[in-house]
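Residues per chain, in single letters:
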Amino acid sequence: MDLLEITDEELLSLALEENEDAKNILVEKYKYIIDINLKKYGTTAKMLGVDYKDLYSEGLYALSDALLNYRQGKEATVATFINVCVGRRLNKCLIKSSRIKNKMVRDAYSLDYVYEQFGIPLMDIISDNSKNDPLVNITKEESYEELLNSIKSVLSEFEFTVFSLMVNGLDYNQIALILEKNPKQIDNTMQRLRTKTKNILELRKNA
């Protein structure tokens, strides 16, 4: 049987029976979806220091997994299902990378540390640069760990995810891309984060 002459449905059935040749044909046919997603997330991944090869490997894993989990009769086409699976896995990879990077910074630096890639300190990243912004008045002795714990205690899980991406220098458009949310929603969340942060700092300053 010439595998190149049969339908995707037949190839999927063979792939489920552990036919590696059938699976490889499908991977070759649909791996363009990985490239599309990599272009979509490329700039954000670079800012987070995620290696292109590692991200491609994640996409390839998602593609293979999608082929094994796709079931005929689904409303979504094979390509659509693969695109969703690849996108979700890359999203998770970038969020995880952001949290790891955030932890590395938290463990090593205080708020006045200047990030080489942005040329500004953390306090400026989460600040709105207003003259009345309490973040401007943070002393050099202020512990990032201490501040982070205070901030985290008043944030929802979603808000803290946005915060983790935000302090790594991503703007609301990039965060919206990773979290698959409307940019306006992310922008509003970032404004709430700044307000909550300011309230915490005002309380700490007046304590």
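Structural data are supplied above this passage.
Bear in mind the structure is a predicted one, so any value in this text is a computation, not a measurement.

Colleague: Could you give an account of the overall build of the protein chain, with specific residues and numbers?
Modeller: When you go through the protein chain residue by residue, the secondary structure sums to 10 helices and two strands. In the protein chain, the succession of helices and strands from N to C terminus is α-α-α-α-α-β-β-α-α-α-α-α. Going through the 207 residues of the protein chain one by one, you find that 42% of them count as buried. By sequence separation, contacts in the protein chain at least 24 residues apart represent 63% of the contacts at least 6 residues apart. Total accessible area on the protein chain stands at roughly 11,900 Å², and carbon and sulfur atoms take up 50% of it.

Colleague: Just give me the short version of the packing of aromatic side chains, but keep the residues and values in it.
Modeller: Tallying each qualifying case throughout the model produces three aromatic pairs. Each ring, one from tyrosine 52 and one from tyrosine 56, has its centre 6.5 Å from the other, and the planes form 25°; the classification is stacked. Here the residue tyrosine 52 and the residue tyrosine 56 both occupy positions in helix H4 (residues 52-69), the gap between them amounting to four residues, near one helical turn. Geometrically, the ring pair formed by phenylalanine 160 and phenylalanine 163 is stacked, given 5.9 Å between the ring centres and 20° between the ring planes. Within this pair, phenylalanine 160 and its partner phenylalanine 163 are both found in helix H8 (residues 157-166), separated by three residues, close to a single helical turn. For the pair phenylalanine 160 and phenylalanine 163, a shared accessibility class is recorded, and that class is buried.

Colleague: Describe unusual backbone geometry, with residues and values.
Modeller: Located in the positive-phi region is glutamate 18, a residue other than glycine, with phi close to 65°. You can see glutamate 18 is positioned in the loop between helix H1 (8-16) and helix H2 (20-30). Not every positive phi belongs to a glycine, and glutamate 180 is a case in point at roughly 55°. Here glutamate 180 lies in the loop between helix H9 (172-179) and helix H10 (183-206).

Colleague: Outline the pattern of salt bridges, supporting the account with residue identities and numerical values.
Modeller: If you walk through the whole model with that rule in mind, you get five salt bridges. For the salt bridge of lysine 196 with glutamate 159, the shortest nitrogen-to-oxygen distance reads 2.8 Å. Residue lysine 196 is located in helix H10, and its partner glutamate 159 is located in helix H8; the two are separated by 37 residues in the primary sequence. Take lysine 196: its relative accessible area is 26%, and that puts it in the partly exposed class. Overlapping salt bridges, with partners in common, bring together Glu159, Arg192 and Lys196 in one network.

Colleague: Tell me about the nonpolar core, and please be specific about residues and values.
Modeller: Core analysis: the largest hydrophobic core is formed by 50 residues, its most contacted members being Leu55, Leu63, Ile82, Leu94, Phe163, Ile175 and Leu179. Ranked by residues supplied to this core, first place goes to helix H5 (residues 78-108) with nine residues.

Colleague: Please set out the environment of threonine 189 residue by residue, giving values where relevant.
Modeller: The topology assignment puts threonine 189 in helix H10. Threonine 189 gets classed as buried once you look at its relative accessible area, which sits at 1%. The spacing of threonine 189 and phenylalanine 163 is 26 residues in sequence and 9.0 Å in space, taken between C-alpha atoms. When residues no more than four places from it in sequence are discounted, the contact partners of threonine 189 are Phe158, Glu159 and Val162.

Colleague: Kindly report on H1, identifying the contributing residues and their values.
Modeller: Here H1 has its buried residues at Asp8, Leu11, Leu12, Leu14 and Ala15. The arc that holds the buried residues of H1, viewed along the axis, is 165°, so those residues lie on one side.

Colleague: A description of the packing of H1 against H2 should follow, citing residues and the corresponding values.
Modeller: For any two helices packed against each other, one specifies the crossing angle of their axes together with the interaxial distance. Contact geometry of H1 with H2 gives a least axis separation of 8 Å together with a crossing angle of 130°. The orientation of H1 relative to H2 falls into the category oblique. Judged by the sense of rotation from one axis to the other, the crossing of H1 with H2 is left-handed. Listed contacts from H2 to Asp8, Leu11, Leu12, Leu14 and Ala15 of H1 are Ala22, Lys23, Ile25, Leu26, Lys29 and Tyr30. Partitioned by chemical class, the residues of the contact of H1 with H2 number eight nonpolar, no polar and three charged.

The rules behind these values
- Residues numbered from 1 in each chain as written.
- Predicted model: local features only at pLDDT ≥ 70, side-chain atom pairs only at ≥ 80, totals over all residues.
- Heavy atoms only, no water.
- Helix = DSSP H or I, 4+ residues; strand = E, 2+ residues; numbered from the N terminus.
- Buried < 20%, exposed > 50% of the residue type's maximum accessible area, 1.4 Å probe, protein only.
- Contact = heavy atoms within 4.5 Å.
- Areas by Shrake-Rupley, 256 points an atom, 1.4 Å probe, with all protein chains shown as cover.
- Phe/Tyr/Trp six-rings, centres within 6.5 Å; stacked < 30°, edge-to-face > 60°.
- Salt bridge = Lys/Arg side-chain N within 4 Å of Asp/Glu carboxyl O.
- Core = buried A, V, L, I, M, F, W, Y, C linked by side-chain atoms within 4.5 Å.
- Arc of directions from axis to C-beta.
- Axes fitted to C-alpha atoms, helices over the stretch in contact; angles between N-to-C directions.
- Parallel < 35°, antiparallel > 145°, perpendicular 65-115°, else oblique.
- Left-handed = near helix turned anticlockwise from the far one by under 90°.
- Nonpolar A, V, L, I, M, F, W, Y, C, P; charged D, E, K, R; others polar.

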